[in-house]
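Chain by chain, the residues run as shown.
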Amino acid sequence: MSTSTAPFTVVLGQPPAERPRFRPDIEGLRAVAVLAVLAFHAAVPGLAGGFVGVDVFFVISGYLITGLLRSESAATGKVRLAEFYSRRARRLLPSAAVVLAVVAVLGALLTAPLRRADLERDVLASALSVANWRFIAEQTDYLAAGRDPSVLLHFWSLAVEEQFYLLWAPLMALAARWVWKRRTLLGLTLLLGAGSFWLSLHWSAGAYLSTPTRAWQFAAGAIIALLPIREIPRLIRELLGLGGMAAVLGAVLVFDARTPYPGYAALVPTIGTAAVVLAGEKHLVGRLLSLGAPRAIGRLSYNLYLWHWPVLVLAEAQWGTLHWGVKVALTAAAALPALAALNWLEQPLRRSRVLGEIPRRGLSLGLTAVVMPVVLALVVGTGTIRMLGPATPPDPSGLPPGARDGRSLLAAAPPAHSPTVPNPVQARQDFPPDGACEVDPADTVSPPCRFGTGDDRIVLLGDSHAGQWFSALLGIAAQHRMSVEELVKQGCPLPELTVENPQLGRTYHECDTWRTNALTRLKGGPRPKLIIVSTLNRYTADRATLLHGWEQTLAPLRELGVPIVYLQDTPIPGRDVPACVSGHPDTTSACDFPRSEGLWADPLAEEIAAGRVPGVRTIGVNSVLCPGDGRTCPAVLEHVLLYRDDSHLTNAAAVVLTSRLDQLLIDAGVFTSGWTTLLHDEFDGPAGAKPDPANWQYDVGTCYPGCPAAQWGTGEIETMTDSTANVRLDGQGSLEIVPTRDNAGRWSSGRIESKRADFAAPAGGVLRVEAKLALSDVKGPAASGYWPAFWALGGKLRDGYTGWPGVGELDVLESVGGRGVFGTMHCGTTPGGPCKEPNGLGSGEQSCADCWGAFHTWTLEVDRSASPEKVRWLRDGQEYFKVTSDQVEPAAWDQAVHHGIFLILNVAMGGNLPTAYGSPVTAATEPGHPMKVASVTVSARQ
C-alpha cells in the first residue's frame, strides 16, 4: 500500500485507476430489489414486504462504492474525490433531473393547487438531495403511504444514498492519506455500523427515512468489500447464496406495514443481501442472477425506480384509488420512459469521453442537473402560492356567529358570495393555539398546560381529536369563569388499547405510560369541575375490546366524583380536504365524502345512551357537521372549511361550534347558565329496585281515584300495578316499564307520575321537560296495541282528576304499534275547541327508524320568553313540531300553559288510539318488551 500523504487533489489528464471486476450477479440482484419495491408500491397481494428492496439497494451501494474507492486508493495511494463525484453526477443526476422537471410541470397541470405547492417544495428538497429530511420533518409515514402521498416520496432513498456518497468518499480518502490498514478501516466501519444500528432502534421517529439510521446497511456492504477473503469453499458459497436469497424473498413475503421497521426486522434482508454478495457469482443463485433477463432489469432499475412512483401517484390523483392490477400495468408502462432515459441519457453521459476526461465537466453537468429542477420548482411554486391567497391566520369575523342549536352551523346564513373561511392555505395551519400541550409520540408526560384564570377548571383529556376542541372549550370556560387544563397526546387512544404508532414504527408504549401518568395527575391534584374526554373512534373495530378499554380508563375517572362528558368523534373525511378545496374553489361539494366512510358506529356513545355507562354523559355535533340523511358529508359548510387535513377540524370550525358545544353541555346538566334544575333522575340503583319514591308515585288500577274516567278514559285493557314485574330499575342506569300478560290473557303494565305537579314556565322564562328513553323494542304484529308514552297533565287534575282537556295536556312523546312517533297538545273543550279535540294539535307521525330499542333525547319546551309564546317538541336537540300562542284562544292557552304540570311515564296496551290506527291488541301481541328511560330532567330558566 502506498505511503503517500498528498492532499485530495485531482491530477488532470491522468487516467482513472482500474475499477473492480464487474459482477453480473449484482446487476441481477438489483432486479430483485427493484421488482420487490415495484410490487410493494403497486400493492400486489402477498408482496407487502417489498419495501425491503430499498435495503438491498443500500447494501449493494455500500459494497460497490467501498470496493471502487478501496481499489483506487490501493492502486494510486489516494482517492480522487473530484473524479468520484464526477462519475456519480454523470450516472445519477441527469436522469433524476429529468424526472424532477417532468414532475414539476405535470404537477402544475394535474394536481390541486395546494398539493402543487407542496410538490414544488418536494422538488426542491429532492434536487438538493435532502428529500428524506423534508419527509421526516413532515412526519410522513412511508409504510402507510397516506392518502395523498408525495409524487417524490421515493426520492428519500436516493437522498440517503447521495448523503452516503458525500460522507463515505472523504472518509476513504482520509484512509488513503493516513495509510490506514484494511483492518483499521474494517474496525471503524464495524463501529460506525453498530452505532447506526443502535440509533435505528432508539430514534424511532426518523428511523425509516434518515441517513444515520440507515448507514449500517451501507456499512454491511462496505464490510464485505473490506473483508480479506480471497476464496470461499463451494459448499459455503451455495449455502450463502441460497440462504441469503431466501432471507430477502422471505422478508418480501412475510413483512408488511405492521412490521416494526427498520429495527431488528431489517437485519433479515440486510444480512441476506450481504450473504448473496459475499457468495460471489459462482454459485446457483449467482448464476441465476447473471442471466440476461435479471441483468437487463437490473440495468434499468435506477431509471425504473425513478419513473414508476410518479406515474402511480399522478394517476391516482386523477382517477382515485386504483386496483392493484391497474397499478401493475402502469408500473410496466413506466418502463418506457425509463428505457428512454437509460439509452438516450444515462449511458451516453456515462460513456462520454468528453465529460469523463476532465472531472469538472461532469461536476458542471451535475450542477446543471440540480439547478434546472430547482428553478422550475421556484417558478411554479411561487406562482401557485400567490394564487392560493394569504397564509395569514384566518379571520372568521365576516361570518355570522355559530348557531347555539338547530340544524344550521351558523346563526344566520352568510352572504352568498362570502369567501371560504379559512382558505385552503390557512386551513393547513389552522391548529389549536395550545403550543406544546398536544404532546408528541415520544413524550410520556404532559407539561403543565392550564389556560384561563378561573379557580375551577375543565380538563380536556384524549388524543388529537380531543385537542381539536381546545379553542371551543377555552371560550366556554371563560363564559363560566373557569380555566382549561389540557392533557392531550398525539395518536394515543384514551381507552386502554394496545396500538402501533406508524411514526415510531412499533407498539406505542409511550401512549400507555402517558395515559397512566395523566390519570395519576388527575387523581393526585385538585378535583376539576368537569372532565371532557374525546378520542379518534377508529383505533379498533372490535366492539368488545374497545368497550373494555374504555372501562379501564373511565373507572379511575369515576372515582374522582367529577362529571364526565364523552364528546363523540367528528366525521373522518379520509382525504386531504384543504388540497381538494384548493382545486375546486367554486364547487366545494366535489370534496364531500361518503357518509358511510366518514361516520362510524360509536360503541361508547351507544352504551352511554343505553344507560350502561353510569356517571358519563355524551354529546356530539355530527348531526350538524354531517346534516340530514344524505349519502355524503360536506367538506365546506355554510362557507366554513371544516377540516385542516383528512380527519381534524380546523380551529375556525371549532370556534364556530363553541356556542353549540356550550348549549350541549348545558343540556347535559353540566352547566346551569341560568337554568334551575327542578327534577333530575338518572335511575341509578340495583336491578329490580323501584324508582325513587321522592320523585315518583304510582298510578294503579284502571282509572284515577273515584274512577272519573274508566279504563283511564281511553279504553286501555291493561291494569296498572306497582309491581317490579311492571316498573323496575335495570341496574344499568335505566328505568323499565314492562307490559306483561298472565296465563288467563290479562294484561298488566306500569304508570308512574312525578310527585311534583307544579312544574311551570316562569313568566318571561322557559320550562324544559326532557327524557332520554328508548321505546319498546318490538315491531310488526308483535307490537300491535303497544302504546308507550312520556307526557304531562295540568297540575289542577290532582285536585279531583276532572277538567280535562281544559287543564292542559302536553304529550312529549307517544307511539302506537311500533309505528312513527308524535307529540301533541290538548287544551280547551271537547269536542272541537281551540285544540281540535279529542285529537289535539299534533305533529303527526314522525319517522324514526331506530327509536325502538335505541335511546334518543325527547324534549318539550314551554317558552314564555318570546312573543308569541310557544311550545316546542325536539328530538336529540332538533325541533320537529311547535304550537304558538297565536294558534290558540288566549284563555285556553293560559289555562293549559301558564300553570303547573306533572309528568307521566307509562306503557298502555290497546285502547281507542291504537284501534283508530288499526293496531289493537291481538293474540300475536308479545308481552315483555319494556320502554327504557335513562333519565328525566325538568329545568326552568327565568
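So, how was this worked out
Residues numbered from 1 in each chain as written. Predicted model: local features only at pLDDT ≥ 70, side-chain atom pairs only at ≥ 80, totals over all residues. Heavy atoms only, no water. Helix = DSSP H or I, 4+ residues; strand = E, 2+ residues; numbered from the N terminus. Buried < 20%, exposed > 50% of the residue type's maximum accessible area, 1.4 Å probe, protein only. Contact = heavy atoms within 4.5 Å. Areas by Shrake-Rupley, 256 points an atom, 1.4 Å probe, with all protein chains shown as cover. Lys, Arg positive; Asp, Glu negative; His and termini not counted. Charge placed at Lys NZ, Arg CZ, Asp CG, Glu CD. Pairing = 2+ DSSP bridges. Right-handed = clockwise from strand over helix to strand, strands pointing away. Phe/Tyr/Trp six-rings, centres within 6.5 Å; stacked < 30°, edge-to-face > 60°. Lys NZ or Arg CZ within 6 Å of the ring centre and 35° of its normal. Axes fitted to C-alpha atoms, helices over the stretch in contact; angles between N-to-C directions. Parallel < 35°, antiparallel > 145°, perpendicular 65-115°, else oblique. Nonpolar A, V, L, I, M, F, W, Y, C, P; charged D, E, K, R; others polar. Expected span 1.5 Å × (residues − 1). Arc of directions from axis to C-beta. Disulfide = S-S within 2.5 Å. Salt bridge = Lys/Arg side-chain N within 4 Å of Asp/Glu carboxyl O. pLDDT = per-residue confidence, 0-100. 1 Å grid on protein atoms, 1.4 Å probe; cavity = no way out; pocket = protein on both sides within 12 Å on 5 of 7 lines; lining within 4 Å. Points joined across faces, edges and corners; volume = space filled by probe spheres on them. Core = buried A, V, L, I, M, F, W, Y, C linked by side-chain atoms within 4.5 Å. Patch = residues over 30% accessible without salt bridge, like charges linked within 9 Å, V, L, I, M, F, W, Y side chains within 5 Å.

**Q** Now, about the overall build of the protein: what can you tell me, with residues and values included?
**A** When its secondary structure is counted, the protein shows 29 helices and 31 strands. Seen along its three principal axes, the alpha-carbon backbone of the protein occupies a region of about 120 × 60 × 55 Å. Looking at the protein as a whole, 56% of its 942 residues qualify as buried. Put simply, 76% of the contacts in the protein that link residues at least 6 apart link residues at least 24 apart. Working note: accessible area of the protein is about 38600 Å², and carbon and sulfur atoms make up 58% of it. Side-chain charges in the protein split into 80 positive and 85 negative, and the spacing between the mean points of these groups amounts to 14 Å.

**Q** Before we move on, could you go through the pairing of strand β8 (residues 564-567) and cite the residues and values that matter?
**A** Burial of β8 is two-sided: the residues Ile 564 and Tyr 566 facing one way and the residues Val 565 and Leu 567 facing the other way are all buried. Where strand β7 (residues 530-534) meets β8, three bridges bridge the pair, whose relative direction is parallel. If you follow Ile 531 over to β8, its bridge partner there is Ile 564. In this fold, β7 hands off to helix α21 (residues 543-558), which returns the chain to β8; that crossover is right-handed. Note that β8 and strand β10 (residues 616-619) share four bridges and pair parallel. Following the sheet pairing, Leu 567 is matched in β10 by Ile 619.

**Q** Could you give me a rundown of the sheet that holds strand β20 (residues 747-749), with the residues and numbers involved?
**A** Within a sheet, adjacent strands bond to each other through the backbone by hydrogen bonds, running parallel or antiparallel. Spatially, three strands are ordered β16-β20-β19 in an open sheet, and the strand pairing comes out mixed. Each edge of the sheet is formed by a strand with only one pairing partner; in this case those strands are β16 (719-720) and β19 (740-741). Across two bridges, the pairing between β16 and β20 is parallel. Among the inter-strand pairings, Met 720 is bridged to a residue of β20, identified as Ser 749.

**Q** Help me get a handle on the packing of aromatic side chains, residues and values and all.
**A** Two aromatic rings are characterised by how far apart their centres lie and by the angle between their planes. Applying the stated criterion across every chain yields a total of 25 aromatic pairs. Geometrically, the ring pair formed by Phe 164 and Tyr 165 is tilted, given 6.0 Å between the ring centres and 55° between the ring planes. Looking at Phe 164, the relative accessible area reads 9%, which means it is buried. Taking relative accessible area as the criterion, Tyr 165 reaches 6% and is therefore assigned buried. Positioned above the aromatic ring of Tyr 165 is the side chain of Arg 88, whose terminal nitrogen or guanidinium carbon lies 5.5 Å from the ring centre. Positioned over the ring face of Trp 712 is Arg 751, at 4.3 Å from the centre of the ring.

**Q** Could you give me a rundown of the sheet that holds strand β30 (residues 901-909), with the residues and numbers involved?
**A** Reading across from one edge, β15-β21-β30-β23-β24-β25-β26 is the order of the seven strands in this open sheet, with antiparallel pairing throughout. Each end of this open sheet is capped by a strand with a single partner; those strands are β15 (696-698) and β26 (841-842). Across two bridges, the pairing between strand β25 (residues 821-826) and β26 is antiparallel. In the strand pairing of β26, Thr 824 is matched with Gly 842.

**Q** I'd like to hear about the packing of helix α3 (residues 81-110) against helix α6 (residues 155-177), residue by residue, with values.
**A** Angle between the axes and distance between the axes are the two parameters that describe a pair of packed helices. Taken N-terminus to C-terminus, the directions of α3 and α6 make an angle of 170°; their axes are 11 Å apart at the nearest point. With respect to their mutual orientation, α3 and α6 come out roughly antiparallel. Mapping the contact onto sequence places Leu 81, Phe 84, Tyr 85, Arg 88, Leu 92, Leu 93, Ala 96, Val 99 and Leu 100 in α3 and Phe 155, Glu 162, Tyr 165, Leu 166, Ala 169, Pro 170 and Ala 173 in α6. In terms of residue class, the contact of α3 with α6 is made up of 14 nonpolar, no polar and two charged.

**Q** Can you break down helix α7 (residues 182-202) residue by residue, with the values?
**A** Between its terminal C-alpha atoms α7 stretches 30 Å, which fits the 30 Å expected from 21 residues at 1.5 Å a residue. All of the buried residues in α7 are Leu 185, Leu 186, Thr 189, Gly 193, Ser 196, Phe 197 and Ser 200. All buried residues of α7 project into a common sector of 105° when viewed along the axis, lining one side. Residues of α7 that are exposed and point more than 90 degrees away from the buried face comprise Arg 183, Leu 191, Trp 198 and His 202. For α7, the elements touching its buried residues are α2 (53-76), α6, α8 (215-226) and α10 (267-279).

**Q** Summarise the state of the cysteines; cite the residues concerned and give the values.
**A** In the structure shown here, the tally under the stated rule is seven disulfides. Disulfide pairing is shown between Cys 626 and Cys 633; the S-S distance is 1.9 Å. Classification of the bridge connecting Cys 626 and Cys 633 rests on its S-S torsion, roughly -75°, and on that basis the disulfide is left-handed. A relative accessible area of 2% means that Cys 626 is categorised as buried. The partner cysteine of Cys 827 in its disulfide is Cys 835, sulfur to sulfur 1.9 Å. On the sign convention where negative means left-handed, the S-S torsion of about 95° between Cys 827 and Cys 835 marks this disulfide as right-handed. You can call Cys 827 buried: its relative accessible area is 0%.

**Q** Can you break down the pattern of salt bridges residue by residue, with the values?
**A** For side chains of opposite charge, pairing can occur when their charged atoms come near one another. Taken as a whole and assessed by the stated rule, the structure comprises 32 salt bridges. For Arg 543, the salt bridge goes to Glu 607, with nearest N and O atoms at 3.1 Å. Of this pair, Arg 543 sits in helix α21 while Glu 607 is found in helix α24 (residues 603-609), placing the two residues 64 residues apart along the sequence. By relative accessible area, which is 14% here, Glu 607 ends up buried. A salt bridge links Glu 736 to Arg 728, with the nearest nitrogen and oxygen atoms 3.0 Å apart. The class of Glu 736 is buried, set by a relative accessible area of 10%. Through salt bridges that share partners, Asp 667, Arg 768, Glu 861, Arg 872 and Glu 879 make up one connected network.

**Q** Let's hear about unusual backbone geometry: which residues, and what values?
**A** In this chain, Glu 837 is followed by Pro 838 through a cis amide linkage whose omega measures 10°. With omega at 0°, the peptide bond leading from Ser 867 into Pro 868 counts as cis. Within the secondary structure, Pro 868 is located in the loop between β27 (856-863) and β28 (870-875). Even without being glycine, Lys 836 reaches a positive phi, approximately 55°. Residue position: Lys 836 is located in the loop between β25 and β26. Look at Lys 836 and you get exposed, because its relative accessible area is 56%.

**Q** Describe the confidence of the model for the protein, naming the residues involved and giving the relevant values.
**A** Here the protein averages 87 in pLDDT, while 94% of its residues score no lower than 70. Counting contacts from residues 1-18, a segment whose pLDDT is below 50, to residues more than four positions away or on other chains yields 29 contacts. Long-range and interchain partners of residues 140-147, a stretch whose pLDDT sits below 50, account for 20 contacts in this model, where long-range means more than four residues apart.

**Q** Kindly report on empty space enclosed by the protein, identifying the contributing residues and their values.
**A** For the coordinates displayed, the defined rule picks out five cavities of 30 Å³ or more. Every residue lining the largest cavity is counted, 14 residues in all, and those nearest its centre are Leu 93, Ala 96, Ser 126, Phe 155 and Glu 162. At the level of elements, α3, α4 (113-127), α6 and α16 (359-388) are the ones that each hand at least two residues to the lining of the largest cavity. Counted by class, the lining of the largest cavity contains 11 nonpolar, two polar and one charged residues.

**Q** Account for the nonpolar core, with residues named and values stated.
**A** Formed by 103 residues in total, the largest nonpolar core has its most connected members in Leu 29 and Phe 155. The dominant element in this core, judged by the number of residues it contributes, is α6, at 13 residues. Ignoring sequence-local partners within four residues, the contact set of Phe 155 consists of Ala 96, Val 99, Leu 100, Ser 126, Ala 131 and Leu 306. Val 812, Val 871, Met 931 and Val 938 belong to the second-largest nonpolar core, a separate cluster that totals 56 residues.

**Q** Quick one: what's the story with a nonpolar patch on the surface, residue by residue and with numbers?
**A** There is a patch of nonpolar side chains on the surface, built from Val 105, Leu 106, Leu 109 and Leu 110 and spanning about 320 Å² of accessible area. Within the element layout of this structure, Leu 106 appears in helix α3.

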